[in-house]
Structures are given as C-alpha cells and as structure tokens.
Amino acid sequence: MQNSDQALPVKDRRPHALGDLKIIPDEIICSMLEHLTPRDVGRLACVSSVMYIFCNEEPLWMSLCLKKASGLLQYKGSWKKTALHLRYYRCHTVLDGFSFDSQLVKRKKIVTREEFDRECAEEPILLSGLADTWPARNTWTIDQLLTRYGDTAFRISQRSVRSISMKFKDYVAYMNVQHDEDPLYIFDYKFGENAQGLLEDYRVPDLFQEDLFNVLDGDMRPSYRWVIIGPQRSGASWHVDPALTSAWNTLLCGRKRWALYPPGRVPLGVTVHVNEDDGDVNIETPSSLEWWLDFYPLLADDDKPIECTQLPGETIVVPSGWWHCILNLETTIAVTQNFVDSKNFEFVCLDFAPGYRHKGVCRAGLLALEEESLEGGGKNTSAGDHDMSYPDLTRKEKRVRVNRCGEIQNHEEDTNGVSKNYNSSKQDFSYDINFLAKFLDEDRDHYNFPWSSGNCTGKREMREWLYKLWVGKPEMRELIWKGACLALNAGKWLELLEEICNFHKLPTLTAEEKLPVGNGSNPSVNMGVGLGNLFPRGAVYLMADCVVKIFVEGGFESSIYGLGTELEFYSLLAKVNSPLKNYIPDVLASGILYVENGSYTIVPWDGKGVLDVIGKCNLTLLNCKQEEFPFGIWSKKQFEYRSAWMSVSKLSTSDGCNRIWPYIITKRCKGKMFAQLRDALSGEDVLNLASFLGEQLRNLHLLPCPPFNESSLSDKLKTEPPFNNGFVEDVVDTSSVPAEWEIFIRTLARKKKNLVNRLTAWGHPIPKALIDKVDEYIPDDFVKLLDIYQDENGLNKVCKPCSWIHSDIMDDNVYMEPCCASSRSNGNAADTGPMVNGSINGYDEFGEAKSWHCSHIIDFSNLSIGDPIYDVIPIHLDIFRGDSSLFKQFLESYKLPLVRRMQQHGSGGGKFSRLSYHAMPRNTWDGAPEWCLRERCYCILHDDNVLGTIFSTWKELRTAKSWEEVEMTVWGELNNYKGYA
C-alpha cells in the first residue's frame, strides 16, 4: 500500500498565469506596474491569480498614491484604500463654491473696434453684451436642446485619436449620472452640418468679423468653430490654440473658471514636446480638475495665472499664443470660434513655417532652447540682435517641463528653489514677431521640410490660402508678403523666378504674379504615384500668358527625374502626333537654374543628355547615359524603388545639390479649373466632361512606351537587398516576371510589410474591423495580379503592356472654357468651341458662362508607367466623387480593354478574376485579369490615404463587414466593363 501521506507536487502557476510575460523577472513586472493608473492596476488584478498578487502589493499602491497626492495626506488604513480614496474624492468633488471672484481678467461692456484694438487686443478680456440679442441666449438650455436635437449625434472630446460621437439624448443621460474624474464633454466642430439650426441662433460679433481664413472654402478651411457642452468637473486642459490663432468664447449657460498664462510661460505640471523632425507640438498636461486640485495650491502668488469666472452671456477673448485652461463649475453650454486677423496673421504664418525651434520658443519661451544656449550669457536674446544662431539640437524630441513651482527640468536651481534660467528667460522673452522670427531655420524649405501632422491645415491648403489673400486683398499685400516670407520663404522663390524671367525675356512681373499658387495634389486625396507626394511639384507661378514651375519637392534628384520624364513625354507626343497634344499646354522653355561662384546661372535643357552641372552631382542612378532621355521614365522608376523607404527630408538633402533648380515654362490655360466650376456646371456639361476624360485617357494609354533596356537596370535593383531597416526582407520570386514589371512586384511586396500600421495610424474613418482583415485580403504573391502567360515562343508575357500614366487627374488638373450651348450637344466633347452669337466668349450679358467644355489636362509632374486602371482611381474618387453614371459615361468613351486577354488558366478565377479587386491595392504598375480587384488593391496599398476618401464619400461603408463589400460598392461597375477589341 502506497503512503497516502505523501505530499502532492506543487504546481508553478506563474508561467500559465502570466502568459508571454513569464519571461520577465518579478522585479521588472513590479516596476512596470508603477507606470499604470490605479484604475488600470485594479483591472489588471482580475487577469489571473498571479497578477492579482502583483497588483495588490502595498509598496505598489504607496507609489501610486504618492504620485497623485499633494498637500495634506489622509491615510485610510492601507495604501490601496488611500489611493482609491483620492480618485473617489476627485470623482465626487462639488465645484459650486470654486469660482474665482478677484477677476484678474479685465471686464468690459461692449467696446468699439478701435477701442478693442487699442486696449484689449494683446491681453485676455471678458466682454458683456455681445450675445444679448442672440436667440441662443434663451434657447440654448439642456432641456430645449434635448427637445430639438435629442437624436442628433455630436462629437465627444476625449483623449483618443479616434472620433467618437453620441446622440445628444444619450449624452445627457450619461451627464446626469456620471461621476467621472475627467468627464466627457461635447466638443463638435461640425455642429453646423448636423444641427444647422444652431448656426441661426448666434452670429459672430462685429469685433471678430475679420477672419482671414474666410477666403478658404469647404474642407480646405481648418476647423474653426465648436459647440461645447459639458458637466461639472469637465473642461479643457492646458493648451495654446492651434496655429497661434486667437479665439472668442461665449458662454450661454452655467459658469466656467478660466486660468491663463501669457505666451512662453509653461504652466506648472505641463510638458511641451516638440518633434525635431517635423516641428509637431504635443502638450502633456493633467486634466483641468487635477491641475486645480493638485498643482494650483503649490503656486506662489507671483506664479499664479490670470484668472476669472465666466458667467452666462459673457464672451472671453484669448489672444494669440496665450496658455489657457478651463474648468466647468456646473453644466455649461458655449460656442467658440478661432480666427485670424491682421493682428495675429504673422504669428499664424510663423507657426506654419518649417522647422521646430521657433515653435518651441513661441510656446515655452527660451526654455525651448538647448541648455547651453542660456547658460553663461553666451547669446544675446534681445530683440535688437539680428545674428542669433543656435546650435542644432541632437535629440529627436525637445521636452520642456515645469515640475514644481518655478522648477524647470534639467536646469540648476538657486537657493530659493527657483530656476535662475527660468527667471532670466521670462525677462528676455518677447512675444514679438521680429523676436520670434529669429529662431526660424535659416535654411528652411517649405517644399522639402516635413510638414507637421499637428498643423491645422495642409501644405497645399496653406499656399492656397496665402495666394487667395494675395489676389483678393491687394490692400493688405504688405502684411501678406511678410507672412508669406515667414511661412514659405517667399522672397527666396521670387528671386529665382526673377532670374528665370530675365533669362527668357518674359514680361516684367506684376504684383499679383509674385506669390506662388497653392498648386499640387488635391487636399482630399493625393493620388501621386510611387512616391506620390514626392514627385515633384514645387513653386508654381501664374503669369499673364505662361506658367513657371520650379521643381523643388523631394530635392534635386527627384526634381531632375521629374522634369526629365515630363520632357520625354512631351517629345513623344510631338513625335507620334498624338491628338492628346492638343489638350496639353505647350512647353515654351525648360532649363536648369543653379548657383555658381555666388551668382545665378541658367542652362536651357530639353531633357536630352547630361548637362555638366548635373554630371557633377552625386547621383546614384546614371546607368542610362546612353539613352536619349537619361532621366526619363525608366530611370525615374528605378529612383522610385530605391527611395521607397527614404523620408522626404532625407531625399532632399542626400544628393548634396540643394542649390540647383530644374524648371519648365508652359503656356497658361484659359478658362477655369473644374474645381472652381463643379457646383455651377449643368448635368450635360459634367457628362461631357466624363466623355472628354475617357477620350483623352484613351489617347494617353495608347501612346507607345519607351523600350525597356534591361541592361540599364541598376545592379542594386536586380537583387533584392537582404536587409531593410534592420529586418530581413521576404524573398520575392520574380523569375517568371518580365523585366519591366520587376520593380512593380518588389515595390508592392515592400508596401505590404507595414500596411496594418499605416492604416491604423490613419485611423478614422477607416473601420478598425476592416484593418484587422486587410492582411488576409491582400494577396501574398503579387505576381498573381499580372496574370502572366507564355506566348507561342515560350516567353512570359503580361496580359497587357505598360502604359503611360498621368496618375493625378483630379479636379484641379482639368481646365474648362466657356462654350456655345448648342455646340456641346453634338456628342463630341472635344470639339466644342466658344460662342459667337448670343453671348460674348461664352458668357451671357451678366458675365456668367452658359456652358463649359474641357480644354486642357495639366500637371504631368507625376508621370509614370504602369497599369492604365490606376488613372481611374483619382478620376472616379475625386472628379466624379463616386457618381456611377459619370463613371459609366467615362468608360463608354474610354473604349480600351483594360486587359488585353483574359487568362483561362493560372490564377483560376476567384477574387483575382475581378477587376474591382485590383482597384483596392496600389502602385502604378499592374496588369491583371480582375478589374475591381486591381482597383481595390491599388487603393489599399496607396502611399496616401485614398481609403479615407472612400469612407468619407461612402459613409455607409464604415459599417462594412468585409473588404469585398467595399470593393463592390466603389468599383463594382468595373466588372461590367469589357472594353472594345
């Protein structure tokens, strides 16, 4: 008989209970837990028995408690109970008596504009009487809004990159029962779209009617107005308003407590992060309630902010650059708008300038500079010094944090605990545009420096804004020019333009012609090819009879390939006498502008041969010197592939030729862009537009491609590199792929590697459920997209040859001219002409055009070679905006088969037999038997957020269960198109 008293073996629960964390030592796990919030630690305790033990250690809760505690601490029997009590206290704090009555902010009755500019423009002020006549003064209560807009969804402010909305009735239900430490509140910039009646309940006060962003229409204008509704304890934490704009905020219901610091004065407990790559500014701050409870009591009287309690009917004005924090003392309803006027215009332009140092100084004062810049008085920071030059920072992110009263991280304290550097920086700092401009990067390049993701508008929209102001407000040109020099370094580009004009004996520039236009990719979706936003645009100037384009973006190497390819294309048009040449602006001149021995030199260039100034540059892909166009399309494709993983800033500086600028001069088109006419055109005009695009795209895709010389393929590209960014590359078998398609397959394979991360970063409105399924939808082997077959000689062939691709036919790249109404109905969109009888040049007696016809397609900077279906993407998504009737009309005029023969074997049908599938991955190359499939593949793998446009246009697809559903909704019409033999 066995011994029944023998002890059972003890089972180690740790590996099973910790899962993948089992390899981490206990000490490190304990250290990691200290970085979590008490709420997260409590949740983590429920994961497993072992984690429960970790999460209930008293030393852990003591650490969590002391991190949050300040002032007098009351021990509750255990550190866990004490820590949770602190949070419980905040969640149930009542703020009825928390108002600030000293009113350090000026309070005035309605003032005139002159008085406001003289006395109130540079400091916060509370104004009463501005909203007395508003209907909102009586109707904006919770009960009345609930009756009017209970089923209307409003956007909710919360600390997440995702956009979250709630129906107003659901939000009110939450607001009435919540006990959150930092409650959600409505902060909706699109309330005017979903609840248009609210716009009728108030008007912008006369004091703030000047808003220079008003010249931008629709989506091009940055967000600027918000309705704000929130309960007690909610509110906006410390921040500076976007782009250094000013703001007014009118309270209709409840009370708000405000705290404000002047520009450059970082509040206690706030950390300012400035990214050195793109100048993106990120503010790390406690919630408004937490700041007032935990940090405000630590402040000496001299360090306290300017404060006030805002009452119903009052309007507070926050000038440019001022820090502010708001706490709702009870349920509040307010409306606010940010604005740009002549007072803050230069500051807004300064904030749009490339670089990072000036952005840090505008928000954090001189503390944003490197420590050695302040110590020892080595630099004179007075406003009269014009020769300030600070050393480049080596860290990728500059951080300035105020930890305790007067204490600045990484700066030595004096005996009173106050940083000497901080005090001196407060004295030397000036929120003056001339002072702040000294911190700009002298070598800044708007076209090549990275654009901050935190900017409230895009590069193209910003240029469009300045150009519209320049043309539309001639009385303000002195101020606008100052702003353009800050944001664009406009003086530099004007100097280059004048050299080009003098060399080619162009007419003297008028005042209107001295600022570059907001050209380039469409703001809603950039359809650039390969390196879409790289290839290249630049400074574009509209003159009376011509257009001058200075190639800038991407640096000299990408610019020279861009111009070389464009000139090769124009030469081909003339050589084969394609009808397309009648609808493309004539080239008047082209050349290279460069600096030699301190002066400018210009050499004409038609794209043929390698000029001496180009040969001296350290270009890596010059294996095609023997070609007629050594920087033509095939050389450009090799450059695209080689540069696929390089940043724009690295490309722009890697070749060492940053003082050489290719340029081209073309004839200026008459008429207007389709983007300007979209809403004014008749249905027949738009159908004719679709026919015109089909006809001209057919002419484009019928052009012969230059022969591909496999011997010119760079040795570097013939072998897939074993490593990329530190990771082993997957082996791509291209042995069966014709040489001209090899770069295409390799590029697609690369683009799939970080696909999920890229889509996740783009976020809303791309559904997360679809992002999770994207890898199983995109093919593992992109060779399948080509539908390769063997011809009678046993050679591998793709179902269709490569075609020239424009890649960027969007609403701002199609020009239209006024025409006779009768001539447009003859069925030939290209043959319509100007009116002679009954109107003048197509306009009626009131100066309005009766009808319009397409005259030109412009901007061939993004030329490529590949699958013709790729050109369909921007046309359908941007010009047609998903209109299926226009899409059908376009395809009827196109008349070319998008696949030369359908493979009867090989891919075997399935999703690869649908053209709609191909539309949703991406690149400019591809030949495949499936249309929709190809379109969808191209969209998903696109460098730019094409999917964002799709889910914004077809909002119902945000709840789609599969990519197939998206495919058939957007591109299903392709599967019905057979083309013409």
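Bear in mind that the values here come from a model prediction, so they are computed numbers and not experimental data.

> Explain the overall build of the protein to me, please; I cannot follow it from the model alone.
Looking only at helices and strands, one finds 36 helices and 31 strands in the protein. Buried residues in the protein amount to 56% of all 981 residues. In the protein, of all internal contacts separated by at least 6 residues, the share reaching a separation of at least 24 is 74%. For the protein, the exposed surface amounts to about 42500 Å²; the carbon and sulfur share of it is 49%.

> I'm lost on helix 10 (residues 168-177) in this one. Help?
Residue pairs spaced three or four apart in an α-helix point in one direction, given the helix's 3.6 residues per turn. Where helix 10 is concerned, the buried positions are Phe-168, Tyr-171, Val-172, Tyr-174 and Met-175. Looking down the long axis of helix 10, one finds its buried residues gathered within 160° of arc, a one-sided arrangement. Residues of helix 10 that are exposed and point more than 90 degrees away from the buried face comprise Asn-176 and Val-177.

> Would you take a moment to explain the sheet that holds strand 29 (residues 852-857) for this structure?
The pairing of strands in a sheet comes from backbone hydrogen bonds and takes either a parallel or an antiparallel form. Here we have three strands laid out as an open sheet, ordered 22-28-29, and antiparallel in their pairing. Among the strands making up the open sheet, the edge pair consists of strand 22 (672-673) and strand 29. Note: strand 28 (residues 814-818) against strand 29, five bridges, orientation antiparallel. Of the residues in strand 29, the one forming a bridge with Glu-817 is His-853. Its contacts with the sheet place helix 26 (residues 683-701) against strand 28 and strand 29, and it is angled at close to 30° to strand 29.

> Explanation requested: the packing of aromatic side chains in the structure shown.
The geometry of two aromatic rings is summed up by the distance between their centres and the angle between their planes. Using the criterion set out here, one finds 39 aromatic pairs in the structure. A ring pair is formed by Phe-154 and Phe-168, whose centres lie 5.9 Å apart and whose planes are at 70°; its orientation type is edge-to-face. Here the residue Phe-154 occupies a position in strand 3 (residues 153-157), and Phe-168 occupies one in helix 10, the gap between them amounting to 14 residues. A relative accessible area of 1% places Phe-168 in the buried class. Ring geometry for Phe-951 and Trp-963: centres 6.4 Å apart, planes at 65°, overall edge-to-face. Pair noted here: Phe-951 is in helix 35 (residues 946-953) and Trp-963 is in helix 36 (residues 963-971), with a separation of twelve residues, a long-range link. Ring pairing ties together the aromatic residues Phe-116, Trp-134, Trp-140, Tyr-202, Phe-208, Trp-248 and Phe-339, which thus form one cluster. Across from the ring centre of Tyr-224, 3.4 Å away, lies the NZ or CZ of Arg-221, which sits over that ring.

> Looking at this structure, how should I read the packing of helix 23 (residues 633-642) against helix 28 (residues 742-753)?
Geometrically, a packed helix pair is captured by the angle between its two axes and the distance between the axes. Contact pair helix 23 / helix 28: the axes reach a minimum separation of 10 Å and the direction vectors enclose 20°. When the axes of helix 23 and helix 28 are compared, the pair comes out roughly parallel. Of the two elements, helix 23 crosses helix 28, and the hand of that crossing is left-handed. Along its contact with helix 23, which presents Lys-637, Gln-638 and Tyr-641, the element helix 28 presents Ile-743, Arg-746, Thr-747 and Arg-750. Partitioning the contact of helix 23 with helix 28 into residue classes produces two nonpolar, two polar and three charged.

> I'm lost on the pairing of strand 12 (residues 314-318) in this one. Help?
Within a regular strand, the side chains alternate between the two sheet faces. Most of strand 12 sits out of view: five of its five residues are buried. Burial along strand 12 is two-sided: the face carrying Glu-314, Ile-316 and Val-318 and the face carrying Thr-315 and Val-317 are both buried. Across four bridges, strand 2 (residues 125-128) lies against strand 12 in antiparallel orientation. Paired with Ile-125 across the strands is Val-317, a residue of strand 12. When strand 7 (residues 246-253) meets strand 12, the two strands line up antiparallel, connected through four bridges. Directly across from Thr-250, in strand 12, lies its bridge partner Thr-315.

> Looking at this model, I keep getting lost on the sheet that holds strand 11 (residues 306-310). Mind explaining?
Ordered in space as 11-8-13, the three strands form an open sheet in which the pairing is antiparallel. Lying at the two open borders of the sheet, with one neighbouring strand each, are strand 11 and strand 13 (323-328). When strand polarity is set aside, the average angle formed by the axes of neighbouring strands in this sheet is 20°. Sheet analysis places strand 8 (residues 256-261) next to strand 11, joined by five bridges and oriented antiparallel.

> Explain the nonpolar core to me, please; I cannot follow it from the model alone.
Nonpolar side chains in soluble globular proteins generally cluster together in the buried interior. In this structure, Phe-569, Ile-614, Leu-693, Phe-890, Ile-950 and Trp-971 are the most contacted members of the largest nonpolar core, which totals 101 residues. If one sorts the elements of this core by residue count, helix 21 (residues 555-576) sits on top with nine residues. The contacts of Ile-614, once residues within four sequence positions are left out, are Phe-556, Ile-560, Ile-592, Trp-605, Leu-619 and Phe-631. Residues Met-220, Val-340, Met-462 and Leu-466 belong to the second largest nonpolar core, which totals 62 residues.

> Would you explain the packing of helix 13 (residues 345-352) against helix 19 (residues 477-488) in this entry?
Interhelical geometry of helix 13 versus helix 19 gives an angle of 20° and a closest axis separation of 7 Å. By the angle between their directions, the pair helix 13 and helix 19 is classed as roughly parallel. Along this stretch, helix 13 crosses helix 19, giving a crossing that reads as right-handed. In this structure, helix 13 contributes Phe-345, Glu-346, Cys-349, Leu-350 and Phe-352 to the contact, and helix 19 contributes Leu-479, Ile-480, Lys-482, Gly-483, Leu-486 and Ala-487. Of the residues belonging to the contact of helix 13 with helix 19, the class tally is eight nonpolar, one polar and two charged.

> Help me out: how do you make sense of unusual backbone geometry in this one?
It is generally the case that most residues other than glycine have a negative phi and that most peptide bonds are trans. If you check the backbone angles, Leu-244 has positive phi at about 60° while not being a glycine. For Leu-244, the position within the fold is in the loop between strand 6 (225-230) and strand 7. Phi at Arg-881 takes a positive value of approximately 50°, unusual for a residue other than glycine. Among the secondary structure elements, Arg-881 is positioned in the loop between helix 32 (872-879) and helix 33 (884-894).

> What should I look at first to understand helix 20 (residues 490-503) in this one?
Over its 14 residues, helix 20 extends 20 Å from the first C-alpha to the last, a length consistent with the 20 Å expected when each residue adds 1.5 Å. Turning to helix 20, its buried residues number three or more, namely Ala-490, Trp-493, Leu-494, Leu-496, Leu-497, Ile-500 and Cys-501. An end-on view of helix 20 places all buried positions within 160° of arc, on one side of the element. Buried residues belonging to helix 20 abut helix 19, strand 17 (538-542), strand 18 (546-551), strand 19 (587-596), strand 20 (599-604) and strand 21 (660-667). At the exit of helix 20 stands Lys-505, carrying a positive phi of roughly 55°.

> Any chance you could explain the pairing of strand 18 here in plain terms?
Of all six residues making up strand 18, six are buried, and the element is well covered by its neighbours. Taking every second residue as pointing to the same face, both faces of strand 18 are buried, with Cys-546, Val-548 and Ile-550 on one and Val-547, Lys-549 and Phe-551 on the other. Where strand 17 hands over to strand 18, the hairpin turn is made up of three residues, counted between the paired strands. Strand direction decides the pairing type here: strand 18 and strand 21, joined by five bridges, are antiparallel. If you follow Ile-550 over to strand 21, its bridge partner there is Tyr-663.

> I tried to follow the pattern of salt bridges on my own but got confused; where do I start?
Between side chains of opposite charge, pairing is possible as soon as their charged atoms come close. Within this structure, the stated rule accounts for 22 salt bridges. The partner of Lys-108 in a salt bridge is Glu-115, with the nearest N and O atoms 3.6 Å apart. The exposure class of Lys-108 is partly exposed, given its relative accessible area of 24%. A salt bridge links Asp-811 to Arg-678; the shortest N-O distance between them is 3.2 Å. Pair noted here: Asp-811 is in the loop between strand 27 (803-805) and strand 28 and Arg-678 is in the loop between helix 25 (674-677) and helix 26, with a separation of 133 residues, a long-range link. Note on Arg-678: relative accessible area 15%, which makes it buried. Three or more residues are tied together by salt bridges with common partners; here these are Arg-113, Asp-117 and Asp-341.

Cut-offs applied
- Residues numbered from 1 in each chain as written.
- Predicted model: local features only at pLDDT ≥ 70, side-chain atom pairs only at ≥ 80, totals over all residues.
- Heavy atoms only, no water.
- Helix = DSSP H or I, 4+ residues; strand = E, 2+ residues; numbered from the N terminus.
- Buried < 20%, exposed > 50% of the residue type's maximum accessible area, 1.4 Å probe, protein only.
- Contact = heavy atoms within 4.5 Å.
- Areas by Shrake-Rupley, 256 points an atom, 1.4 Å probe, with all protein chains shown as cover.
- Arc of directions from axis to C-beta.
- Pairing = 2+ DSSP bridges.
- Axes fitted to C-alpha atoms, helices over the stretch in contact; angles between N-to-C directions.
- Phe/Tyr/Trp six-rings, centres within 6.5 Å; stacked < 30°, edge-to-face > 60°.
- Lys NZ or Arg CZ within 6 Å of the ring centre and 35° of its normal.
- Parallel < 35°, antiparallel > 145°, perpendicular 65-115°, else oblique.
- Left-handed = near helix turned anticlockwise from the far one by under 90°.
- Nonpolar A, V, L, I, M, F, W, Y, C, P; charged D, E, K, R; others polar.
- Core = buried A, V, L, I, M, F, W, Y, C linked by side-chain atoms within 4.5 Å.
- Expected span 1.5 Å × (residues − 1).
- Salt bridge = Lys/Arg side-chain N within 4 Å of Asp/Glu carboxyl O.

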